[in-house]
Amino acid sequence: MEVMYVLIGFSLLVALVFLGAFIWSVKTGQYEDKYTPSVRMLFDDSVTAADEETPPDVSVNPEYRSKE
């Protein structure tokens, strides 16, 4: 029966730690920008000079075969 009291105390301690982490994340602004992360995958990555010099691999992408 004493184990139950230990487990209840431990679970309350874990819950308080998670509540503290949540309050800390809200205060530091972790949830302020809700729009940008959802549309970030829609924007193209910036093209580097190394990407422009490398020809596309024709064997992998069949789309380039029709252009030859």
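Residues numbered from 1 in each chain as written. Predicted model: local features only at pLDDT ≥ 70, side-chain atom pairs only at ≥ 80, totals over all residues. Heavy atoms only, no water.

Turning to the overall build of the chain, a few remarks are in order. Looking only at helices and strands, the chain has three helices and zero strands in total. The N-to-C order of helical and strand elements in the chain reads α-α-α. Looking at the chain as a whole, 3% of its 68 residues qualify as buried. Put simply, the chain shows about 6,800 Å² of open surface, and 65% of that area lies on carbon and sulfur atoms. (Helix = DSSP H or I, 4+ residues; strand = E, 2+ residues; numbered from the N terminus. Buried < 20%, exposed > 50% of the residue type's maximum accessible area, 1.4 Å probe, protein only. Areas by Shrake-Rupley, 256 points an atom, 1.4 Å probe, with all protein chains shown as cover.)

Here we take up the side chain of Ser25. Assignment of secondary structure puts Ser25 in helix α1 (residues 2-27). A relative accessible area of 9% places Ser25 in the buried class. A polar contact is formed between the side chain of Ser25 and the backbone oxygen of Phe22, at a distance of 2.8 Å. Those residues in contact with Ser25, other than ones at most four positions away along the chain, are Gln30 and Tyr31. (Polar contact = N/O pair within 3.5 Å; in protein donor to acceptor, adjacent residues only side chain to side chain. Contact = heavy atoms within 4.5 Å.)

A few words now on the confidence of the model for the chain. Summing up the model confidence of the chain, the mean pLDDT is 81 and the portion of residues at 70 or higher is 68%. When pLDDT is averaged over each element of the chain, α1 comes out on top at 97 and helix α3 (residues 49-53) at the bottom at 66. (pLDDT = per-residue confidence, 0-100.)

Two aromatic rings are characterised by how far apart their centres lie and by the angle between their planes. One pass over the structure, following the stated rule, counts one aromatic pair. Residues Phe22 and Tyr31 carry aromatic rings whose centres are separated by 6.1 Å and whose planes lie at 45° to one another, so their mutual orientation is tilted. For Tyr31, a relative accessible area of 48% gives the class partly exposed. (Phe/Tyr/Trp six-rings, centres within 6.5 Å; stacked < 30°, edge-to-face > 60°.)

Together, Leu16, Leu19, Phe22, Ile23, Val26 and Tyr31 make up a nonpolar patch on the protein surface, roughly 590 Å² of accessible area in all. Secondary-structure assignment places Ile23 in helix α1. We classify Ile23 as partly exposed; its relative accessible area is 39%. (Patch = residues over 30% accessible without salt bridge, like charges linked within 9 Å, V, L, I, M, F, W, Y side chains within 5 Å. Salt bridge = Lys/Arg side-chain N within 4 Å of Asp/Glu carboxyl O.)

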